[in-house]
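Descriptive analysis of the structure
For reference, the chains in residue letters:
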Amino acid sequence: MEISINNLTHNFEVNPERLLLDVLRQEAGLTGAKYGCGEGNCGACTVLVDGEATRSCITPVGSMVGRNVTTVEGLTAGGELSSVQQAFVDESAFQCGYCTPGFVISTTALLLKNSSPSTGDIKSALNGHICRCGAYVRIVKAVQKAAGNPDHGTSL
Amino acid sequence: MNASGEVVLRIIGPPFSGSVQQTGAIPKSAVLLEIASDGSVFAYSGKVEYGQGIRNSFTRMIASTLEIEVADVHVILADTARVPYDRGTTGSASTRTVGAQLFRAANAAKNELAERKDSDGSGADTDVVEIEISGDEPSPEEFTRLTPHMGAVRIDGADRVTGKAVFAYDFALDGTAYGSLIRPPSIGAKLVRIDSARAAQVPGFIQLVQANGIIGVVGETKEAADRAVSFVRTRWDETGDDVSDWSLPSALKDLGSDPVSLRDDGDVSAGLSSGARLISGVYYAPYVANAQMEPSAATAEWGEDGSLTVWCANRGPFTERAYLAEHLGIDAEKIRVIIEEVGGSFGTKSQSVSFEAAVLARESGRAVKISYNRHEEFSTSTVRPAALMEIDAAVDQSGKLVAWDYTAFHAGDNAFRGRRGADSPYDAPATRIRVADSPSPLPHGSYRSLGGAVNHFGREVHIETMARELGIDPLKFRLDNLSHPRYRRVLEEVALMSDWESRESSDGVGYGLAVGFDAGSYVAQVARVVVANGTIVVERVDVSFDCGQVFNPDGAINQIEGSVVMGMGTALWEEVEFDGGRVLNTGFGGYRVPRITDVPEIQVKLIEDPSNTPTGVGEPGIVPIAAAIANAVADATGKPVDRLPLQPQISAFSS
Ligand code: FES
Ligand code: FES
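Computed from a prediction, not measured in an experiment: that's the story for all the values here.

Time to look at the overall build of chain B. Each helix and strand in chain B was counted, giving 17 helices and 27 strands. The C-alpha atoms of chain B give a radius of gyration of 27 Å, which matches the 26 Å a tight globule of 655 residues would have. Seen through its principal axes, chain B has C-alpha atoms that stretch 80 × 75 × 45 Å. When burial is assessed residue by residue, chain B has 59% of its 655 residues classed as buried. When contacts within chain B are restricted to residue pairs at least 6 apart in sequence, those whose partners lie at least 24 apart make up 79%. A total of about 24400 Å² of accessible surface is found on chain B, and carbon and sulfur atoms cover 48% of it. Each charge sign in chain B was given a centre, from 60 positive and 89 negative side chains, and these centres are 3 Å apart.

What follows is the structure in structure tokens.
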């Protein structure tokens, strides 16, 4: 099946029931999307599907045919960090960084829809994500900072 | 030699400064820093980067000292083949022991390079020069010189936001096979029968392994291994010891050892019966899980010569190597452990996963990777031991403590953990501190501050309960009984930050205070909570924190905020439930941890005092928070609190 990932067309010969997260990590070699729970509870596996934040751990890969999947690797156009990525670095919005790709993706999706989110908007957009290191205070600051900068790293 | 270019200068010496950890297998002299002919610098430490930012602080400090680019500094951490021995990354001591020593090494290199320049100017000296530095305890002046070299923004940040950072869960070798384990359905269950005939038909099945107490399937892919496991038929003999949380907390005391006395000052019995006011309490903190975001994972590969290499995520590559050597029955020298990026570790990440991967790899003759799913992680990982704390305390007419009698029963046979934070800082002339251990029905392990946060919960809730019963303001009651200047300073500071004197509690709105000490640092916290419609909301937490000299204020605040958030989970929701030897809440649905909408406004004030040497920042922030929140909930509801977690108690009461 043909799936567009980070603007490249991939051809996978896999069972369409297989989960998008597994296919990304094991077949496409893209390990930016993380496994945290495998049941839609933590957000670590989040990717963009046509610009919408999507839990890849509960999404069958077969449903991605004809859609555009963007992973955290795909936000870095021409080697430059996207504004969201840069804001997470500048605000030190992580400790271990395992949850970070998921938060970066959901923030990107939020800002594509709402370029000046309130703190309440930010928190409700990110409440499906867990950061066990507890970097939440900084994550909110990073999103606010990124919202001041329109380049979100994807034209979707 | 480790550096790839030609080494021109090498600094050797003890890997840590100060007397701390200068024991056992720690070498008197190891390679700490190398400078190659192309100007690149390599530094070596057995510490692990698990989010506390040591790679960043070491790299920046060395670059800044030598006045070179950070890109030219390579900090090699946690690879047993390349770095000096280390007992493990615990106790929040990395910066003040290893950081200070690398700073000394960088300065020695700097002086040598400057001298060379002065002497011949050509720099074409090709012989390796070795310089030995001492491991003396750094002076406060040395720490003062070190501080400005530490930077805030993480140099490893870009790799974390782009997905480039390779965690143990991401690590892969070409041609790796995958392991999936078959686990006993309950703790202690014994395998009676196993039939893998149908599993062997699954495409990609390689082998069923039964060795060293491990049962697992090796497959060409993770999916194949998992699928094959689902076709393996097993029958188990379950022990019938009905291990469950129903027997807690009373079993902790009933089955506990005789308490060991850690301190016995004055005459406690006389003090308690002196006619002063006696106030007693019993407190309980249940088992809680580390639940770090990256589940356990490891890859193991055997060489033809019987050597073993393991890539994993653990806090100590050398302790991991010793564990593997012992359990596999091979020489530690044959094992290389390499720590990949660690996706969170607040205590122990599983050692067993490396062992399991090594056994499956040995039996199948393939490199094998094992990565736990979330349910495996919750049901097999070590947890913070539950504890029961009994406190009797007596106060005289003037509100002075005369006697403090503290006995804690911590689950698990590791007395060291339960003792952390058990001592009392209060001035009671008669003070007795005793800690017992008790058989643990669950595998127990380390957690942020070990037993520190648990002991502080008991003590600081009891102090506040006493103050309330005596009608004395909790801040005044503490200050009246606490002469230690650093405790007093954090208390006075947090009172100012939170506007303690003018706070207005009402039905449903409460304030709680707690003070603590851990890893050499002092911390006081005030929590403001709102309890409405059966729900506790923590609105604000003020933290004053004294860790002496501060190297990296932003990094310290990041750690303290994280500690508050993590401890808030233990205060409100977290409890590992188990019955019949099975953990029941094995996902984030059943085991509730803090999310972004739960997080209060957190204000942190660092008391930067250059007259005190730097102490820990990663753990102390968690020790008072559960007590501060519990005290605030008691203030809001008018009902005393004696156990965690709090939210289920409020829900039960209001429904
Ligand atoms: S891994 Fe997908 S939501 Fe947790
Ligand atoms: S930074 Fe470690 S889980 Fe978020």
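This paragraph deals with the nonpolar core. Among the nonpolar cores identified, the biggest contains 234 residues, and Phe88 and Ile139 of chain A together with Leu401, Trp404, Ile629 and Leu646 of chain B are the most heavily contacted of them. By residue number, the principal contributor to this core is helix H16 (residues 625-637) of chain B, which donates ten residues. Ignoring any residue separated from it by four or fewer positions in sequence, one finds Ile629 of chain B in contact with Ala527, Val529, Val538, Met568, Ala571, Leu572 and Leu646 of chain B. Within the second largest apolar cluster, ten residues are counted, among which are Ile215, Val217, Ala228 and Val232 of chain B.

Once that is clear, we can look at the sheet that holds strand S22 (residues 509-518) of chain B. Sheet strands line up and pair through hydrogen bonds in the backbone, either parallel or antiparallel. Residue and element names in this part refer to chain B. A sheet is described by the order of its strands in space; here four strands give the open sequence S22-S23-S24-S27, paired in mixed fashion. Whereas interior strands pair on both sides, the edge strands pair on one side only; in this sheet they are S22 and strand S27 (601-606). Averaged over all neighbouring strand pairs, the angle between strand axes comes to 15 degrees, with direction disregarded. For strand S24 (residues 535-546) and S27, the ladder comprises six bridges, and the chain directions are parallel. Counted as the bridge partner of Val541 is Ile602 from S27. Sheet strands in contact with H16 are S22, strand S23 (521-532) and S24, and its direction is about 160 degrees off that of S22.

Residues and elements named next belong to chain B. The domain architecture assigned to chain B consists of domain 1 (7-161), domain 2 (177-238 + 296-371) and domain 3 (248-288 + 383-654). Between domain 2 and domain 3, the C-alpha centre-to-centre distance is 39 Å. Taken residue by residue, the interface counts seven residues in domain 2 and ten residues in domain 3. Summing both partners gives a buried area of about 640 Å² for domain 2 against domain 3, and 54% of it is carried by carbon and sulfur.

Any aromatic ring pair is given by two values, namely how distant the centres are and how the planes are angled relative to each other. Residue and element names in this part refer to chain B. Across all of its chains, the model carries 13 aromatic pairs over all chains by this definition. Between Tyr85 and Phe318, the ring centres sit 5.1 Å apart and the planes meet at 55 degrees, which makes this aromatic pair tilted. You can see Tyr85 sitting in the loop between strand S4 (73-77) and helix H2 (94-119) and its partner Phe318 sitting in helix H8 (residues 317-328), a full 233 residues away along the chain. With a centroid separation of 4.8 Å and an interplanar angle of 50 degrees, the aromatic rings of Phe517 and Tyr522 are classed as tilted. Under the relative-accessibility criterion, Phe517 is labelled partly exposed at 32%. Members of the aromatic cluster, connected to one another through ring pairs, are Phe378, Phe588 and Tyr591.

Residues and elements named next belong to chain B. Pairing is mixed in the open sheet, where five strands are placed in the order S4-S3-S2-S1-S5. Each having just a single partner strand, S4 and strand S5 (129-132) make up the two edges of the open sheet. Shown here is a sheet whose adjacent strand axes are inclined to one another by a mean of 20 degrees, direction ignored. As defined by bridge partners, strand S1 (residues 7-13) adjoins S5 across four bridges and the pair is classed as parallel.

Our focus in this paragraph is the confidence of the model for chain B. Averaged over all residues, the pLDDT of chain B equals 91, while 95% of them reach at least 70. The complex model carries a pTM of 0.94, and its ipTM stands at 0.96.

Further remarks concern the pattern of salt bridges. Residues and elements named next belong to chain B. In total, this model carries 50 salt bridges over all chains according to the counting rule given. The shortest N-O distance in the salt bridge between Arg10 and Glu130 comes to 3.2 Å. With Arg10 in strand S1 and Glu130 in strand S5, this pair connects stretches of sequence that are 120 residues apart. Residue class for Arg10 comes out buried when judged on its relative accessible area of 14%. Glu49 serves as the salt-bridge partner of Arg154, at 4.0 Å between the closest nitrogen and oxygen. Here Arg154 is found in the loop between helix H3 (140-146) and helix H4 (157-162), whereas its partner Glu49 is found in the loop between strand S3 (41-45) and helix H1 (54-66), with 105 residues between them in sequence. For Arg154, a relative accessible area of 8% corresponds to the buried category. Here Glu49 falls in the buried class, since its relative accessible area comes to 4%. Bridged by salt links that share partners, the residues Glu49, Arg55, Arg154, Asp156, Arg160 and Glu341 form one connected network.

Next up on the list: helix H1 (residues 20-27) of chain A. Residue and element names in this part refer to chain A. Along H1, the positions that sit buried rather than exposed are Leu20, Leu21, Val23, Leu24 and Arg25. The elements touched by buried residues of H1 are strand S1 (2-5) and strand S3 (46-49). The first or second residue beyond H1 is Gly29, which carries a positive phi of 70 degrees.

With 44 residues of chain A at the contact, the number on the chain B side is 53 residues. Of the roughly 4100 Å² buried at the junction of chain A and chain B (both faces included), carbon and sulfur atoms supply 57%. It is Gln95, Tyr98 and Arg132 of chain A in chain A that bury the most area against chain B; as a group they hold 21% of the surface buried on that side. The tally of links between chain A and chain B comes to six salt bridges.

All names here are of chain A. In contact at an axis separation of 11 Å, helix H3 (residues 100-113) and helix H5 (residues 136-147) are set at 40 degrees when each is read in the N-to-C sense. Judged on the interaxial angle alone, H5 and H3 are oblique. Classified by chirality, the crossing of H5 by H3 is right-handed. Counting all contacts with H3, which are made through Phe103, Thr107, Leu110 and Leu111, the residues of H5 involved are Tyr136, Ile139, Val143, Ala146 and Ala147. Partitioned by chemical class, the residues of the contact of H3 with H5 number eight nonpolar, one polar and no charged.

Rules of the game
- Residues numbered from 1 in each chain as written.
- Chains lettered and ligands numbered in written order.
- Predicted model: local features only at pLDDT ≥ 70, side-chain atom pairs only at ≥ 80, totals over all residues.
- Heavy atoms only, no water.
- Helix = DSSP H or I, 4+ residues; strand = E, 2+ residues; numbered from the N terminus.
- Rg over C-alpha atoms; globule rule 2.2 N^0.38 Å.
- Buried < 20%, exposed > 50% of the residue type's maximum accessible area, 1.4 Å probe, protein only.
- Contact = heavy atoms within 4.5 Å.
- Areas by Shrake-Rupley, 256 points an atom, 1.4 Å probe, with all protein chains shown as cover.
- Lys, Arg positive; Asp, Glu negative; His and termini not counted.
- Charge placed at Lys NZ, Arg CZ, Asp CG, Glu CD.
- Core = buried A, V, L, I, M, F, W, Y, C linked by side-chain atoms within 4.5 Å.
- Pairing = 2+ DSSP bridges.
- Axes fitted to C-alpha atoms, helices over the stretch in contact; angles between N-to-C directions.
- Domains from an automatic or database assignment.
- Buried area = accessible area lost by both parts, 1.4 Å probe.
- Phe/Tyr/Trp six-rings, centres within 6.5 Å; stacked < 30°, edge-to-face > 60°.
- pLDDT = per-residue confidence, 0-100.
- Salt bridge = Lys/Arg side-chain N within 4 Å of Asp/Glu carboxyl O.
- Parallel < 35°, antiparallel > 145°, perpendicular 65-115°, else oblique.
- Left-handed = near helix turned anticlockwise from the far one by under 90°.
- Nonpolar A, V, L, I, M, F, W, Y, C, P; charged D, E, K, R; others polar.

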